[in-house]
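One-letter residues, chain by chain:
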Amino acid sequence: MTQTGTRGGLEGVVAAAKAQAPGRGLPPVHLWNPAHCGDIDIVIRKSGLWFHEGTPIGREALVRLFSTVLRKDPDGFHLVTPVEKLRIEVEDAPFVAIRVDAVTDEAGRQVLRFLTNVGDVTDAGPDNPIRVEVDPESGEPRPYVHVRRGLEALIARPVFYEVSELAQERMLPEGPTMGVESGGAWFAVSPPGAHLE
């Protein structure tokens, strides 16, 4: 990755993210339209670990701070402030879902509540779907849950096992399919007929 962003750019991102007072929620990055300032050497690995200039960012608070100003645009992932937009590299999904709890909402429906490695909590449902891709090389499932504004979390393998234990069969036009309900929506967790093999 070509680094055209400067150290000042990184420090500007930190300052802008910190300016968001605690308790006010996430910054409104979707409303900011700064000029693209180039690329910055930050990579989010498939494992969910963040690297800067090839070195892991060891400060959890800094990773969480950066995650609040992360945005997915048509041309890739960016750290965005009111005055800067710096492209970063994301190898897979920017977050990893590290925990799931089955809870009941006010309507008495089951909701699968996920916690990510950066502290986001998301309830799977119509606005935050679960999707499962199958790796073409290994044949292994790659499950994801939508977190916010086009950003997804890869569901960690142990967490996906917990989700799969809640799955029930539903007959679809393509055949019998295992899936889970959450927030009034139903999500397939395996291809049709896979559980019968």
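Residues numbered from 1 in each chain as written. Predicted model: local features only at pLDDT ≥ 70, side-chain atom pairs only at ≥ 80, totals over all residues. Heavy atoms only, no water.

K.L.:
I tried to follow the layout of surface pockets on my own but got confused; where do I start?
P.N.:
To find leftover empty space, one rolls a probe the size of a water molecule over the atoms. Considering only enclosed or pocket space, the largest pocket measures out at about 300 Å³ in volume. Surrounding the largest pocket, 15 residues form its lining, Glu-140, Pro-141, Arg-142, Pro-143 and Arg-157 being those nearest its centre. Those elements that place two or more of their residues in the lining of the largest pocket are strand 11 (141-148), strand 12 (151-155) and helix 3 (157-165). For the lining of the largest pocket, the per-class residue count stands at seven nonpolar, one polar and seven charged. Taken as a whole, the second largest pocket holds about 190 Å³ of empty space. The wall of the second largest pocket is formed by 13 residues, among which Gln-110, Leu-166, Gln-168, Val-180 and Glu-181 lie closest to the centre. At four residues, strand 14 (residues 175-182) tops the list of elements feeding residues into the lining of the second largest pocket. A per-class count over the lining of the second largest pocket returns three nonpolar, six polar and four charged. (1 Å grid on protein atoms, 1.4 Å probe; cavity = no way out; pocket = protein on both sides within 12 Å on 5 of 7 lines; lining within 4 Å. Points joined across faces, edges and corners; volume = space filled by probe spheres on them. Helix = DSSP H or I, 4+ residues; strand = E, 2+ residues; numbered from the N terminus. Nonpolar A, V, L, I, M, F, W, Y, C, P; charged D, E, K, R; others polar.)

K.L.:
Quick question: what am I supposed to make of the pattern of salt bridges here?
P.N.:
For side chains of opposite charge, pairing can occur when their charged atoms come near one another. One pass over the full model with this rule turns up 15 salt bridges. The partner of Glu-60 in a salt bridge is Arg-64, and the shortest N-O contact between them spans 3.0 Å. With a gap of four residues between them, Glu-60 and Arg-64 both fall in helix 2 (residues 60-68), about one helical turn apart. With a relative accessible area of 36%, Arg-64 lands in the partly exposed category. Overlapping salt bridges, with partners in common, bring together Asp-39, Asp-75 and Arg-87 in one network. (Salt bridge = Lys/Arg side-chain N within 4 Å of Asp/Glu carboxyl O. Buried < 20%, exposed > 50% of the residue type's maximum accessible area, 1.4 Å probe, protein only.)

K.L.:
What should I look at first to understand the sheet that holds strand 12 in this one?
P.N.:
Working definition: the strands of a sheet are paired by backbone hydrogen bonds and lie parallel or antiparallel to each other. Here we have six strands laid out as an open sheet, ordered 9-8-7-12-11-10, and mixed in their pairing. Every interior strand has two partners, whereas the edge strands, strand 9 (121-123) and strand 10 (130-134), have only one. Taking the axes of each pair of neighbouring strands and ignoring which way they run, one obtains an average angle of 40° across the sheet. As judged from the three bridges shared by strand 7 (residues 95-104) and strand 12, these two strands associate in the parallel manner. Among the inter-strand pairings, Phe-95 is bridged to a residue of strand 12, identified as Ala-153. Packing of helix 3 onto the sheet brings it into contact with strand 7, strand 8 (110-116), strand 10, strand 11 and strand 12, and relative to strand 7 it is tilted by some 25°. (Pairing = 2+ DSSP bridges. Axes fitted to C-alpha atoms, helices over the stretch in contact; angles between N-to-C directions. Contact = heavy atoms within 4.5 Å.)

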